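# A closer look at the structure
This is what each chain is made of:
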Amino acid sequence: MAWVNENYATLQDSYLFSQVAHKVAEYSAAHPEKKIIRLGIGDVTLPLAPVVVEAMQRAVAEMGVKETFRGYGPEQGYDFLHEALVKYYAEFGVELESSEIFISDGAKSDCGNITDIFDDANVILVPDPVYPVYLDTNIMRGRKIVFMEGTPENGFLPMPDPAVKADIIYLCSPNNPTGAAYTKAQLKEWVAYARQNDAVILYDAAYEAFIEDGELPRSIFQIEGAKECAIELCSLSKTAGFTGTRCGYTVVPLALKRKTKNGKEMSLNKMWLRRQTTKFNGVPYIVQRGAEAVFTPEGQKQCRENLSYYKENARLIGEALEEKGILYYGGKNSPYIWMQCPNHMKSWEFFDYLLENLGIVGTPGSGFGSRGEGWFRLTAFASREATEEAVARIRKFL
Ligand code: MLT
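Below is a summary of the structure that appears in this document. All figures in this text were calculated on a predicted structure; none of them were measured in a lab. (Residues numbered from 1 in each chain as written. Predicted model: local features only at pLDDT ≥ 70, side-chain atom pairs only at ≥ 80, totals over all residues. Heavy atoms only, no water.)

### Remarks on the nonpolar core
Note the cut-off: Note on terminology: a nonpolar core comprises buried Ala, Val, Leu, Ile, Met, Phe, Trp, Tyr and Cys residues joined through side-chain atoms within 4.5 Å. Only protein chains enter the calculation, and the probe is 1.4 Å; a residue is then buried if its accessible area is under 20% of its type maximum, exposed if over 50%, and partly exposed in between. Where each domain starts and ends comes from a domain assignment, either automatic or drawn from a database. Any two residues whose heavy atoms approach within 4.5 Å at even a single point are treated as in contact.
In this structure, Ile169, Ile201 and Tyr249 are the most contacted members of the largest nonpolar core, which totals 94 residues. Residue assignment places this core across two domains, with domain 1 (14–43 + 298–397) and domain 2 (50–295) each supplying three or more. The contact partners of Ile201, leaving out residues within four places of it in the chain, are Ile169, Leu171, Trp190, Val191, Ala194, Ile220, Cys229, Ala230 and Ile231.

Here it is as structure tokens:
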């Protein structure tokens, strides 16, 4: 008899974005004449930057020549990409060693996989609302999860509560779904809490490139002491349009050590290396060459142009909501607009209303946690044309 993982029985039936996609597919099949504007899942629409494409084309050519062909690469990524990232981090004052950086196929995978190196007895502290992957991957392990509430009162940026004892803390800044971003002073408090409790912060920085306020931290490692208590997960999905190309990176500092239940001190960097070399064969060489190009000056310039395009979309959506007197967060240092559902509608109710009456797809806030009820997320990743059309419909019909 093969027993299956019972924890799966306690998960919601489907992953949030699959549920939304399913609902939209059903609606489109029933109303093929309706032009639907998708501001739901945060998927990019602009093509890869030209320098990225050129780098990947060169890499493809290398793969077709005996002398430059490559088979298995290092599971943790090629040195050339580590070096590019070391320089990138140095730009915002963070010094890293190559061996602290692990290249992966994206932050979502690493977010789930990192659960492997922690004991299931850990208490997990998760913000509510939050990117559902943190929650679901820990439910899959049957771990105890406690929530910290994001509310308009705290600007959707929950702070440590000394009365709550947690071992693993998930933070996402700029936040998915609310777009709120922690200041350095706030992260300092989190680092102090983690150090005091021997906890580990899993810091999701997937949206760091959207930060325009120079005072806001781009990495948790800008905070003193964070290397002894934090792991950072990052992605090229939104920064450089890699949602389909797949490449991300996780930084596990050499200074990060914790004990097993039996008191043996372990290096989390070594554990993650062991995990990755055993269960992962690395990101394709061609993709890593593309990723390397993102961090060249020309790559940064081209990617930043795309980010500005999305930010302008966010601004347009925000402007229309403001005109309508609708409260919203985010949209400034983030590609997400977190709006309050009008007329006290519930999140899924507003989802149906928006789809049926305005032909716009968004993501119901309640899908990100119970504190998201009554809220709704729109993304700035659509084309300008689609965003302008959505904004016109909001102005006219909402
Ligand atoms: C989102 O819409 O929240 C993201 O695209 C999901 C992801 O990055 O996996």
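Now that the structure has been shown, we can carry on.
### Examining the sheet that holds strand 12 (residues 336–340)
Let me state the cut-off plainly: Two strands make a pair as long as DSSP finds a minimum of two bridges between them. The secondary structure listing takes helices from DSSP runs of H or I that are at least 4 residues long and strands from runs of E that are at least 2 residues long, numbered from the N terminus. For helices, the axis comes from a line fit to the C-alpha atoms of the stretch in contact; other axes are also lines fit to C-alpha atoms, and the angle between any two N-to-C directions lies between 0 and 180 degrees.
Ordered by their spatial adjacency, four strands build an open sheet running 11-12-15-14, and the pairing between neighbours is antiparallel. Because the sheet does not close on itself, it has two edges, and the strands there are strand 11 (328–330) and strand 14 (363–364). Across five bridges, strand 12 lies against strand 15 (residues 375–379) in antiparallel orientation. In the sheet register, Gln340 faces strand 15, and the bridge partner there is Trp375. Each of strand 11, strand 12 and strand 15 is contacted by helix 9 (residues 297–323), which is oriented at about 15° to strand 12, the strand it contacts most. Relative to the sheet, helix 10 (residues 347–358) contacts strand 12, strand 14 and strand 15, its axis offset from that of strand 15 by approximately 45°.

### What to know about the packing of aromatic side chains
Rules: Here a Phe, Tyr or Trp ring, Trp counted by its six-membered ring, pairs with any other such ring whose centre lies within 6.5 Å, and the pair is stacked when the planes are under 30 degrees apart, edge-to-face when over 60, and tilted otherwise. For a Lys NZ or an Arg CZ to count as sitting over a ring, it must be within 6 Å of the ring centre and within 35 degrees of the ring normal.
The tally for this structure, following the rule as stated, stands at 28 aromatic pairs. Aromatic side chains Trp338 and Phe368 sit 6.1 Å apart centroid to centroid with 80° between the ring planes, which places their arrangement in the edge-to-face category. A residue pair is termed long-range when its members are at least 10 positions apart, and Trp338 in strand 12 and Phe368 in the loop between strand 14 and strand 15 qualify at 30 residues. Residue class for Phe368 comes out buried when judged on its relative accessible area of 3%. Members of the aromatic cluster, joined through ring pairs, are Tyr15, Phe17, Phe156, Tyr329, Trp338, Phe368 and Trp375. In this structure, Arg377 is placed above the aromatic ring of Tyr336, and the distance from its NZ or CZ to the ring centre is 3.8 Å. It is Arg384 that lies over the ring of Tyr309; its NZ or CZ is 4.5 Å from the centre.

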